[in-house]
Amino acid sequence: MVIKTESDVTPAVVAAMQQTSDPRAREILVALVKHIHAFVREVRLTEAEFREATAILNEIGQLQTDSHNEFVLMSGSLGVSSLVCLLNNGDKGQTETSQSLLGPFWRLNSPRVENGGTIIRSDTPGTPLFVHARVIDREGRPIAGAEVDVWHASPVGLYENQDPDQAEMNLRGKFLTDADGRFWFRTVKMVGYPIPVDGVVGRMLKAQGRHPYRPAHLHALIFRQGYKTLISQVFDPSDPHIASDVQFGVTAALTGDFVRHDEPHPTDRDIEGEWYSLDYTYVMEPGEAVLPRPPIK
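Below is a short write-up of the structure. Remember, it's a predicted structure, so these values are computed and weren't measured experimentally. (Residues numbered from 1 in each chain as written. Predicted model: local features only at pLDDT ≥ 70, side-chain atom pairs only at ≥ 80, totals over all residues. Heavy atoms only, no water.)

### A word on the nonpolar core
Ranked by size, the top nonpolar core spans 31 residues in total, and within it Val150, Phe183 and Tyr282 carry the most contacts. Those elements that provide at least two residues to this core are β1 (128-137), β2 (147-151), β4 (182-188), β7 (217-223), β8 (230-235) and β10 (275-284). The greatest single-element share of this core, amounting to five residues, is contributed by β10. What Tyr282 contacts, discounting residues up to four positions off in sequence, is Ser98, Ala133, Arg134, Val135, Ile136, Phe183, Leu218, Ala220, Ile222, Leu230, Ser232 and Val234. (Core = buried A, V, L, I, M, F, W, Y, C linked by side-chain atoms within 4.5 Å. Buried < 20%, exposed > 50% of the residue type's maximum accessible area, 1.4 Å probe, protein only. Helix = DSSP H or I, 4+ residues; strand = E, 2+ residues; numbered from the N terminus. Contact = heavy atoms within 4.5 Å.)

### Description of the pairing of β1
Consecutive side chains along a regular strand alternate between the two faces of the sheet. The element β1 is extensively covered by neighbouring structure, given that eight of its ten residues are classed as buried. Two strands pair when backbone bridges link them, and β1 and β4 are joined in this way by seven bridges, in the antiparallel orientation. Its bridge partner lying in β4, Leu129 is registered against Thr187. Alignment of β1 against β10, held across nine bridges, turns out to be parallel. Its bridge partner lying in β10, Asp137 is registered against Met284. (Pairing = 2+ DSSP bridges.)

### Focus on the packing of helix α1 (residues 9-17) against helix α2 (residues 23-43)
Taken N-terminus to C-terminus, the directions of α1 and α2 make an angle of 165°; their axes are 9 Å apart at the nearest point. As judged from the angle between their axes, α1 and α2 are roughly antiparallel. Seen from above, α1 lies across α2 with right-handed handedness. Residues Val9, Thr10, Val13, Val14 and Met17 of α1 form the contact with α2, whose own contacting residues are Arg26, Leu29, Val30, Val33, Lys34, His37 and Arg41. Along the lines of polarity and charge, the residues of the contact of α1 with α2 split into seven nonpolar, two polar and three charged. (Axes fitted to C-alpha atoms, helices over the stretch in contact; angles between N-to-C directions. Parallel < 35°, antiparallel > 145°, perpendicular 65-115°, else oblique. Left-handed = near helix turned anticlockwise from the far one by under 90°. Nonpolar A, V, L, I, M, F, W, Y, C, P; charged D, E, K, R; others polar.)

### Structural notes on the sheet that holds β1
With mixed pairing, four strands are arranged side by side in an open sheet as β4-β1-β10-β9. Pairing within the sheet leaves two strands with one partner each, and these edge strands are β4 and β9 (258-261). Between one strand axis and the next, the sheet turns by 20° as a mean value, whatever way the strands run.

Right, here's the structure in full:
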């Protein structure tokens, strides 16, 4: 087609996309073109703004390193990651789900830890936290033999790959659920933290007058054949940013009960002063067990 006016552009590009042989790829590309073109028309995008937009996309890609993923941060900060998650889980968005965002800090090959062990691998001052969790299916039956990868930020708000003062794989561990679908471990209570703001995402948040904070949370990735891999976060409702997560990841189903205790711990006599407990149940859905691509190494 020879383009005569701006109204000819979209039909011409859609016709080209229609030649895509794969049906799903064709559906996505046709819809993508229609929405992008509609967006350009709605905002009357200028040539200068278009050049700036392409420069920003290039910069986002250039910011990718072994320990940082700017695209994941941007997707979360725009609410896209949360929307995709909720549309694809909980009966396609109809019911609550334990599924959540992977986030930019999951790593492969966390060390194996026996139930009841600790994921603290270096001097990490903080309030003790004892996690007792259960993994079940949608009918409430326990899922035994599931691999549970857990990780979280330290009490100073940094993951170990961001912090040279923490040991390799500190506050990370992989557990195996028992016959009752349970796993349990000791760690330190995590805190909320700001996402990295030295790149494109930081500039966007500043322009919008938004804070960069995520409320305190515990990550888990649960793998078991016969079930869709469960990626989850459990949030502390007492965190001051619980209702304004910069990544839009907090849901009612992902809010945990971090209980404070002031009495001596029943088994760990070395604990002096307050400690916390978290009891949580993860619900897995049937599906394909596939590990996601790690956002960092």
